[in-house]
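These are the residues of each chain, in order.
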2 protein chains.
Amino acid sequence: MTRYKAPLEDMRFLLEHCAAEHRTEHNLTQLGLDGEEASFILSQAAHFVEYELAPINRACDELGCRFEDGKVFLAEPMKKAYSHYAEAGWMGLSMPERWGGQGASSQLSACAGEMVTSAHHAFSMIPALNMSAIKALLKFGSEDLKCQYLPNMISGKWLGCMALTEAHCGSDLGLIRTSAEAVGDDVYVIKGNKIFISAGAHDAAENIIHLVLARIKGAPAGVKGLSLFLVPEQLPDDNAPNNVDCIGIEEKMGIHSNPTCSIRYENSRGFLVGEPHKGIKAMFIMMNEMRMGTATQGVGLSEVSYQHSLGYASERRQGRSLKGTVDLAHEADSLLVHADIRRMLLTQRAFAEGGRALSQFCSQLLDSIDADEAGQCASPHASLFLDDNKLLLNFLTPIAKAFCTETGLESSSLAIQVLGGHGYIRESGVEQLYRDGRISTLYEGTTGIQSLDLLGRKVLGTQAKSLLLFTKKIYRLCQLEKDNQAILHMVKPMVGYAKEWPELTQTVAIKGMKDHEEVGAAAYDYLMYSGYVSLGYFWLTMAVNASKLLAEQPHTQPNNGFSRGFLTSKVRTASFYFSRILPRAESHRQALLSGSENLSL
Amino acid sequence: MTRYKAPLEDMRFLLEHCAAEHRTEHNLTQLGLDGEEASFILSQAAHFVEYELAPINRACDELGCRFEDGKVFLAEPMKKAYSHYAEAGWMGLSMPERWGGQGASSQLSACAGEMVTSAHHAFSMIPALNMSAIKALLKFGSEDLKCQYLPNMISGKWLGCMALTEAHCGSDLGLIRTSAEAVGDDVYVIKGNKIFISAGAHDAAENIIHLVLARIKGAPAGVKGLSLFLVPEQLPDDNAPNNVDCIGIEEKMGIHSNPTCSIRYENSRGFLVGEPHKGIKAMFIMMNEMRMGTATQGVGLSEVSYQHSLGYASERRQGRSLKGTVDLAHEADSLLVHADIRRMLLTQRAFAEGGRALSQFCSQLLDSIDADEAGQCASPHASLFLDDNKLLLNFLTPIAKAFCTETGLESSSLAIQVLGGHGYIRESGVEQLYRDGRISTLYEGTTGIQSLDLLGRKVLGTQAKSLLLFTKKIYRLCQLEKDNQAILHMVKPMVGYAKEWPELTQTVAIKGMKDHEEVGAAAYDYLMYSGYVSLGYFWLTMAVNASKLLAEQPHTQPNNGFSRGFLTSKVRTASFYFSRILPRAESHRQALLSGSENLSL
């Protein structure tokens, strides 16, 4: 079985060389670390993930969780790995130093997070949820709440979770029935039942901090009447239990070692986070954080799927090359001689590295926004960037979440396919990748929800300003590289897409004015189209940078820290992407323009 | 949870009205039954499947199989259902009356088989493998072997299985090491180890009849030295054990209740089936039967995925229609108001019904071929049909196997998506659909193997004669319907594909002459292109027939046995397929024409 290796060279390539046009001085500062420090941190993360997390992934899947007398017990290896993770301080990597964190960038944190998710999806959800809860508190929590909760959450002693879904409402949060009644300043009594609460109860943390969406008595119906509350499992003042009870855990397709809890709040004490009835706004801080985290899970899934497939294909011998016998010393050639095996491997790789570039770009935007908002660059020029960066990040978030997870599923299914019958056997580990990963297009907003968010809110809702910011970037890059013969076959189609994308958006917008249904009917294919075209842009960016580095190198050895093999493969995978994957955009274009009429049952 | 209902109306529609141009008198005779009898048999099958098989599917998944002291025990509900299946005579439905069967057509048998696979994939493999073994014996077994084995296999008292794979060879059977040494006329001693033998050992049958691929001592290397042997678990003469030992069963992603066995043959007695060293030919009788059976599994998977999704979407209320509130009596609308939900449902339906039409057409060809070969039509005209029908069936088999299973996986993944988080929970039943179905693109030849078979052997190997037979059918239908305004939007693109398909084949053929690798590089996308275009043809056929039936009907009630709703939906789903699914062919066309250069790692 293949051992997971963190893709450090590719991460360094992205951190140091890609999307350089967007890197302004202040976000280099915000990175908070020079290249050497960043490399050191990533290699430490890689070591932890490769030696502690990846090896226990399968055992945790088999062991699952135990629910007994209202208590949830994690598998022992999971618990142990978590305590090491927290002790080593990984939870606070990108958290503010003021509260005990290390203040590293979101970019760096996303790299470390991707490694964790590749190695152990079920584990990765624990820090991801906690960090999202921390972000909401940082933004909307009162100073009191921050002082009381942040240090322990950032150290990982306590863990945050998100409690939104109820049995009758998932995507439609407006239907939430959990109630809140004021008993003091910003203190409420919470009553209701939630389901699907990942890591909502377990024995790896001393306290679980629930961020609960509920309706204050008398508040308006729908999402506009929801408020966000911090509801600790135990009240920190006196460690008294707070009537937060786990009443069951789900049997699931995968992520067996992460408990999916049903929670009952029976007159539990809750503390308001943010303003009353503005819970959705605070929730979206967590949600957007989780959406980017989930995008990273998709990328990590593609990466680990690729690694397993490549490992197996390199060792397994079956059949002969169509070019004629290659390896006479063996009775069969390696699977790698078969073009269709390489097609599958390159597909996984194109999604892993392309998705990583998209996800890193989003993290970079986030770092810039954070830096700007922290007032490190108070010039009017910076705040101009700030608005654009926010628009861009909002635009790219649903694309990254949905597209990277959908392609992650494809990559993991391809891993089963590359391994053939052996991929269907549990021992191989790849079927677990699909089962665990399958949750990623569902939670934190399904692909359908992301699609409506993208087309309805992020594109049409901004009069396509967000989209035009992005297509302008594509144009600019194509303009810069218009004489670069080596990659002209990628530049030309990108110029076409930069023109076509706004045009088809306009067509849908006009139809949608007459009938909103047209927007819903186009949304999914619009998102997938956007995903393929966006990845085209990032692949072009990477091909440009890799070719430049190759040109700088003498022919025999690397002089810029990247191996020739890495850079050559980068350019090849870009070509593969343009020839074999990007054409899928066309089928989505036709589908999205076909209108709502054909969607009658 | 939705209860599976056999799609009887659609099956009857296909049996009675579709592909009528191919129905000659002799295959109506071969059907062996008039329409009423066929309907009766199908309704009986539906009853068994709906009330006996579907309800135990999930329990069997949880119970799995037990391996103890070299013996394999099926789950009790599985064993009981199997005994009812055999007692009711379903095993012999399409088997010759001479050996105790009922002599029904392959078409009818495929309908019943699809129901079984929709209801219980793991169960369906047992009769499918047995029937395939029977087919090989019917074609290549000696009269003695037939007399000794067929009656008990056709009654289901004994069960056949296929033993091909060894640990070091799956797709590449030429590497087989299991040996055979002659000890008498057509009697051999078999020695070797096989893996991945579905239902290779269990307690539901009194005897398991292994059809084993092995190499006679001194035979040439590679596939040309392989012979097929019948190796019974117990020798029928005296019920003596035959040293056929199960040494373990696999832990798998799904099909938990069907044991995947490792078998050791330790000087077991084996009886030659067919000629020495011609084992591959005999094996392909089984294999082609299994490939069509697996195609049917893909269709059944799409069907049951659709039913689960439709059931959930009809009941679950979440969000509001973009057209404005539809159902004021409830706090939310049914999921069906959302265009993207309908897109997913229609995708599943398009694959289920389109795949069924393809699969039924293949069965019809098989029935014609069988009838011709049985000499029921000895005219020279009939034998002309015979060759064409064989070419067509050979051509469509890899398309049906790979395309219907790939789309089956998509349909089952969409079922999880329609159910959202609830689809990820085991209780919903839909995650099991994906886990069970995931084997279907792997066994009986992976999608990659089918692709090479299609493009290399079936198309280029016949100088595209097979393809041209099929595109001629497309032309003919388009010509007939060229003035049918109601479906002109489907006729026009099909004319284009009938022209484009041979053209792009020629392009690949020319490239492939210079470099065989080009064939391997194009194969997968060629197969998927072929699948989408083939289904386009079958959807056009169905739309033509449904429109005609609609035109015959008075507006208020059916007069031809089909509900107006069924026929209207048929035409709508055809339109959906042409607008939203068929455009995928274009992305495959571009990818397959992109050459082998871009497949370097």
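Since this is a predicted model, take the numbers as computed values, not measurements.

Asks: I'm lost on the environment of D453 of chain B in this one. Help?
Replies: Residue and element names in this part refer to chain B. If you trace the backbone, D453 turns up in helix α13 (residues 447–459). According to the C-beta neighbour criterion, D453 is buried, with 23 such atoms within 10 Å. Put simply, D453 and N394 are 59 residues apart on the chain and 9.6 Å apart in space, counted from C-alpha to C-alpha.

Asks: Mind showing me how you'd approach the relation of the copies chain B and chain A here?
Replies: Here the second copy of the chain follows from the first by a rotation about an axis and a shift along it. Under the fitted operation, chain B is carried onto chain A by 0.0 Å of movement along the axis and a turn of 180°, and the coordinates agree to an RMSD of 0.0 Å. The transformation relating the two chain copies, once decomposed into turn and shift, fits a two-fold axis. Taking the C-alpha atom as reference, chain B places S587 of chain B closest to the rotation axis, 3.1 Å from it. Most of the interface of chain B is mirrored in chain A, where 100% of its interface residues again form contacts.

Asks: Just to check I follow, could you spell out α13 of chain B for this structure?
Replies: Because an α-helix packs 3.6 residues into every turn, residues spaced three or four apart end up facing the same way. Residues and elements named next belong to chain B. A maximum bend of about 30° is found in α13 at D453. In terms of residue burial, α13 counts as a mostly covered element, since 11 of its 13 residues are buried. All of the buried residues along α13 are T447, G448, I449, Q450, S451, L452, D453, L454, L455, K458 and V459.

Asks: Looking at this model, I keep getting lost on the confidence of the model for chain A. Mind explaining?
Replies: Detail in the predicted coordinates should be disregarded across regions flagged by low pLDDT. Residue and element names in this part refer to chain A. Scored by pLDDT, chain A comes out at a mean of 93, with 95% of its residues at no less than 70. Contacts of residues 20–32 to residues separated by more than four positions or lying in other chains number 20 contacts, the stretch itself having pLDDT below 50. With pTM at 0.96, the complex prediction returns an ipTM value of 0.96.

Asks: Would you take a moment to explain the interface of chain B and chain A for this structure?
Replies: Reports of interface size often rely on the accessible area that becomes lost once the parts have come together. On the side of chain A, 67 residues touch chain B, which itself brings 67 residues to the contact. When contributions to the side of chain B that touches chain A are tallied by element, the ones reaching two or more residues are α10 (339–373), α11 (380–419), α13, α16 (517–552), α17 (564–581) and α18 (584–592) of chain B.

Asks: It is not clear to me how unusual backbone geometry should be interpreted in this structure. Could you clarify?
Replies: Residues apart from glycine generally show negative phi values, whereas peptide bonds are mostly found in trans. Even without a glycine there, the phi angle at I255 of chain A is positive, about 35°. Structurally, the position occupied by I255 of chain A is in the loop between β10 (244–249) and β11 (260–273).

Asks: Would you explain the domain arrangement of chain A in this entry?
Replies: All names here are of chain A. In terms of domains, chain A is made up of domain 1 (282–447) and domain 2 (454–599). For domain 1 versus domain 2, the distance between C-alpha centres works out to 17 Å. Elements that contribute at least two residues to the side of domain 1 that touches domain 2 include exactly α10 (339–373) and α11 (380–419). With 10 residues, the top contributor of residues to the side of domain 1 that touches domain 2 is α10. Considering only residue class, the side of domain 1 that touches domain 2 consists of 12 nonpolar, four polar and four charged.

Asks: Where do I start with the packing of helix α15 (residues 488–514) of chain A against helix α16 (residues 517–552) of chain A in this structure?
Replies: If you want to describe how two helices pack, look at the angle between their axes and the distance between the axes. All names here are of chain A. Contact pair α15 / α16: the axes reach a minimum separation of 11 Å and the direction vectors enclose 160°. When the interaxial angle is binned, α15 and α16 end up roughly antiparallel. At the point where α15 passes α16, the crossing takes the left-handed sense. Contact residues: M490, V491, M494, Y497, W501, V508, K511 and G512 in α15; E518, V519, A522, Y526, V533, G536, Y537, L540 and A543 in α16. Class assignment of the residues belonging to the contact of α15 with α16 gives a composition of 13 nonpolar, two polar and two charged.

Asks: What is the right way to look at the nonpolar core in this model?
Replies: If you look at soluble globular proteins, the nonpolar side chains tend to sit buried side by side. Formed by 397 residues in total, the largest nonpolar core has its most connected members in A133, F229 and V273 of chain A together with A133 and F229 of chain B. The residues touching A133 of chain B, leaving out its near neighbours within four places in the chain, are M153, G160, C161, M162, I209, L211 and M286 of chain B.

Asks: How should I be thinking about the pairing of strand β11 (residues 260–273) of chain B in this particular structure?
Replies: Regular strands have side chains that alternate between both faces of the sheet. Residues and elements named next belong to chain B. Of all 14 residues making up β11, 11 are buried, and the element is well covered by its neighbours. Pairing of strand β5 (residues 187–198) with β11, which is carried by 10 bridges, proceeds in the antiparallel orientation. Paired with S198 across the strands is T260, a residue of β11.

Asks: What should I look at first to understand the packing of helix α6 (residues 106–119) of chain B against helix α7 (residues 121–140) of chain B in this one?
Replies: Residues and elements named next belong to chain B. The geometry of α6 relative to α7 is characterised by a closest axis approach of 6 Å and an angle of 145° between their N-to-C directions. Considering only the axes of α6 and α7, their crossing is right-handed. Along its contact with α6, which presents G113, V116 and T117, the element α7 presents H121, F123, S124, P127 and A128. Of the residues that constitute the contact of α6 with α7, the class distribution is four nonpolar, four polar and no charged.

Rules used throughout
- Residues numbered from 1 in each chain as written.
- Chains lettered and ligands numbered in written order.
- Predicted model: local features only at pLDDT ≥ 70, side-chain atom pairs only at ≥ 80, totals over all residues.
- Helix = DSSP H or I, 4+ residues; strand = E, 2+ residues; numbered from the N terminus.
- Buried ≥ 20, exposed ≤ 12 C-beta atoms within 10 Å, placed from the backbone.
- Least-squares fit on C-alpha atoms with pLDDT ≥ 70 in both.
- Contact = placed C-beta atoms within 7 Å.
- Bend = angle between axes of the 7 residues up to and from the residue.
- pLDDT = per-residue confidence, 0-100.
- Domains from an automatic or database assignment.
- Nonpolar A, V, L, I, M, F, W, Y, C, P; charged D, E, K, R; others polar.
- Axes fitted to C-alpha atoms, helices over the stretch in contact; angles between N-to-C directions.
- Parallel < 35°, antiparallel > 145°, perpendicular 65-115°, else oblique.
- Left-handed = near helix turned anticlockwise from the far one by under 90°.
- Core = buried A, V, L, I, M, F, W, Y, C linked by C-beta atoms within 7 Å.
- Pairing = 2+ DSSP bridges.

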